[in-house]
Amino acid sequence: MSQSHVDNKASFNPFSQVTSSDGSALPPVNIKQRFNALWLSDVHLGSVDCKAEFLLKLLSQTQANQIYLVGDIIDIWALKKRVYWPESHNLVLQKLLQLAKDGTQIKYMPGNHDEAFKSYTDFHLWGITMANQYVHQCISGERILMLHGDQFDSEVCISRTYAKLGDHLYDVLLFLNRKLHQIRHACGFSYWSLASYVKLRVNKAQHAIEMYRDAVLRYAKTQDVQAVVCGHIHQPELSLHDDIIYANDGDWVENCTLIAETLTGELQLLRWSDEASTTKVLKQFQLNVQQAPEYKQKVA
C-alpha cells in the first residue's frame, strides 16, 4: 500500500465518539432546517470523489424524523480497488449511526456499489433497517416508493460493453471534476460541477437518463404510489409524469443534492451550496396537506 493511501486512511470504528480532527468532540449541533423526511443516495463513502465534508455539514445542521439512504452509500467497489477512508468519511458514517441511536428512523436500500448489504434485507443493523425497496407515507397521505434503481440497468444500457465504456469515461470526467474543484477552492471559489455540466450537453447521456426515468416510472405505476424516489444515475430531478412524481435525489459525488419532505407538505429537490453553507431549493411540489391532529401536536 502506498504512503498516500495510508495518509488518507482513518481507523474505521462506527461506534466511536464523533470527534474532530484534533480528537476533541465536535461543537454542539446548530439546527437550521427541519424536515419530516430526507432522501440521500450515491454518497460513495470510500471513493476519492465523495464530497463527505459537505454532507457532514448538512447532517449537522438538519433535523429529520426519517432519513432514507437510497443506495450506494458506501462504495465497496472503490474500496476494493483502493483503500481510501479519510476522517470525513468516518464522521459521516458515525453521524448517521448517532442519529439512528438518538431516534431518527433510518432505512437503507442498498444499490449496486454496496450490493453486499442486500443480503441483510429486512434486518436491523446498528439501528438502521435494511430493505430492497420501501414505501414512505407522507404527512399528507401520499405514498412514495423508494429504490436505488440499479435493477433497471438492462432496460437502459445498449450493451454491457457500452456500459463499461461509459463507466470508464465517467471516471475520467470525475477526475477532471476533482482537479477543477481543487483549483477553484485554492482561488477562493465555491464548488461547481464540471461533470454535471458536461453530462447535460451529451446527447447519448441525455437519452440514457430519459430511458432510465421511463423504466422507473413504469415500475412505479404498478405499485399504487403517487411518487417514486430513486438514485443510481447521479442526475437530480423532480418532475411530474401522468400524476406520478419522479424524484431522483442525485448524488454527493458531483451534484451534492437530496430530496426532502418538509413539515408543511412540500416535496423538494435541494442542492447543498458551498458558498452559503446551507441547502437551496431547486424545485418543489406542494402535496395535499391534511395533517392528523396528533401530528400537528407533535410539530407544535
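Because the structure is predicted, anything quoted here is derived from the model rather than measured.

K.L.:
It is not clear to me how the packing of aromatic side chains should be interpreted in this structure. Could you clarify?
P.N.:
Geometry of an aromatic ring pair is reported as the spacing of the ring centres plus the angle between the planes. Evaluation of the coordinates by the stated rule reveals five aromatic pairs. Each ring, one from Tyr 108 and one from Phe 117, has its centre 5.8 Å from the other, and the planes form 50 degrees; the classification is tilted. Both rings, one in Tyr 120 and one in Phe 123, keep their centres 5.9 Å apart while their planes meet at 45 degrees; by these two values the pair is tilted. On the accessibility criterion, Phe 123 (41% relative accessible area) is partly exposed. Here the aromatic residues Trp 39, Tyr 68 and Tyr 134 are joined through ring pairs into a cluster of three or more. Looking at Arg 213, its charged tip hangs above the ring of Tyr 246, at a distance of 6.0 Å from the centre.

K.L.:
I keep staring at the nonpolar core and nothing clicks. Help me out?
P.N.:
A general tendency of soluble globular proteins is for nonpolar side chains to be buried together. Leu 40, Leu 45, Leu 55, Ile 67, Leu 69, Val 92 and Trp 252 are the most contacted members of the largest nonpolar core, which totals 36 residues. Looking at this core, the elements that each hand over two or more residues are β1 (33-40), α2 (52-60), β2 (62-69), α4 (87-101), β3 (105-108), β5 (128-130), β11 (257-262) and β12 (266-273). Not counting residues up to four positions away in its chain, the partners in contact with Leu 55 are Leu 40, Val 43, Val 92 and Trp 252. The next biggest cluster of nonpolar side chains, apart from the first, holds 19 residues, and it includes Ala 131, Val 229, Ala 247 and Phe 285.

K.L.:
Would you mind going over the pattern of salt bridges with me for this structure?
P.N.:
Pairs may arise between side chains of opposite charge once their charged atoms sit close together. Following the criterion strictly, the structure yields three salt bridges and no others. Salt-bridge contacts for Arg 213 lead to Glu 237; the nearest nitrogen and oxygen are separated by 2.9 Å. Of the two residues, Arg 213 sits in helix α8 (residues 203-220) while Glu 237 sits in strand β9 (residues 237-241), which places them 24 residues apart along the sequence. Across the pair, exposure class does not vary: Arg 213 and Glu 237 are buried alike.

K.L.:
What is the right way to look at α4 in this model?
P.N.:
Within an α-helix, residues lying three or four positions from one another point in the same direction, as the helix has 3.6 residues per turn. The terminal C-alpha atoms of α4 lie 21 Å apart, and with 15 residues this matches the ideal 21 Å at 1.5 Å per residue to within 8%. With twelve of 15 residues buried, α4 is to be regarded as a mostly interior element.

K.L.:
Looking at this structure, how should I read the packing of α2 against α4?
P.N.:
Angle between the axes and distance between the axes: these two values describe a pair of packed helices. α4 packs onto α2 with a crossing angle of 25 degrees between their chain directions and a minimal axis gap of 9 Å. As summarised for this structure, α2 and α4 are arranged roughly parallel, according to the angle between their axes. Crossing geometry of α2 relative to α4 is assigned as left-handed. Taken together, the residues of α4 that come into contact with α2 (itself represented by Ala 52, Glu 53, Leu 55, Leu 56, Leu 59 and Ser 60) are Ser 88, His 89, Leu 91, Val 92, Lys 95, Leu 96 and Leu 99. In the contact of α2 with α4, the residues fall into eight nonpolar, three polar and two charged.

K.L.:
What's the story with the sheet that holds strand β7 (residues 143-146) in this structure? I'm lost.
P.N.:
The pairing of strands in a sheet comes from backbone hydrogen bonds and takes either a parallel or an antiparallel form. Spatial strand order, β6-β7-β8-β10-β9: five strands in an open sheet with mixed pairing. Only two strands of the sheet have a single neighbouring strand rather than two, namely β6 (134-137) and β9. Between one strand axis and the next, the sheet turns through 20 degrees on average, direction left out of account. Relative to strand β8 (residues 227-230), β7 is paired through three bridges, and the arrangement is parallel. Bridge pairing in β8 links Leu 145 to Val 228.

K.L.:
Any chance you could explain the confidence of the model for the chain here in plain terms?
P.N.:
For residues with low pLDDT, the predicted coordinates do not support detailed interpretation. Summary statistics for the chain give a mean pLDDT of 81 and a share of 71% for residues scoring 70 or more. pLDDT under 50 marks residues 1-7. Its contacts with residues more than four places away, or in other chains, come to five contacts. Every residue in residues 289-300 scores below 50 in pLDDT, and together they form 13 contacts with partners more than four places removed in sequence or on other chains.

Cut-off values and rules
Residues numbered from 1 in each chain as written. Predicted model: local features only at pLDDT ≥ 70, side-chain atom pairs only at ≥ 80, totals over all residues. Heavy atoms only, no water. Phe/Tyr/Trp six-rings, centres within 6.5 Å; stacked < 30°, edge-to-face > 60°. Buried < 20%, exposed > 50% of the residue type's maximum accessible area, 1.4 Å probe, protein only. Lys NZ or Arg CZ within 6 Å of the ring centre and 35° of its normal. Core = buried A, V, L, I, M, F, W, Y, C linked by side-chain atoms within 4.5 Å. Helix = DSSP H or I, 4+ residues; strand = E, 2+ residues; numbered from the N terminus. Contact = heavy atoms within 4.5 Å. Salt bridge = Lys/Arg side-chain N within 4 Å of Asp/Glu carboxyl O. Expected span 1.5 Å × (residues − 1). Axes fitted to C-alpha atoms, helices over the stretch in contact; angles between N-to-C directions. Parallel < 35°, antiparallel > 145°, perpendicular 65-115°, else oblique. Left-handed = near helix turned anticlockwise from the far one by under 90°. Nonpolar A, V, L, I, M, F, W, Y, C, P; charged D, E, K, R; others polar. Pairing = 2+ DSSP bridges. pLDDT = per-residue confidence, 0-100.

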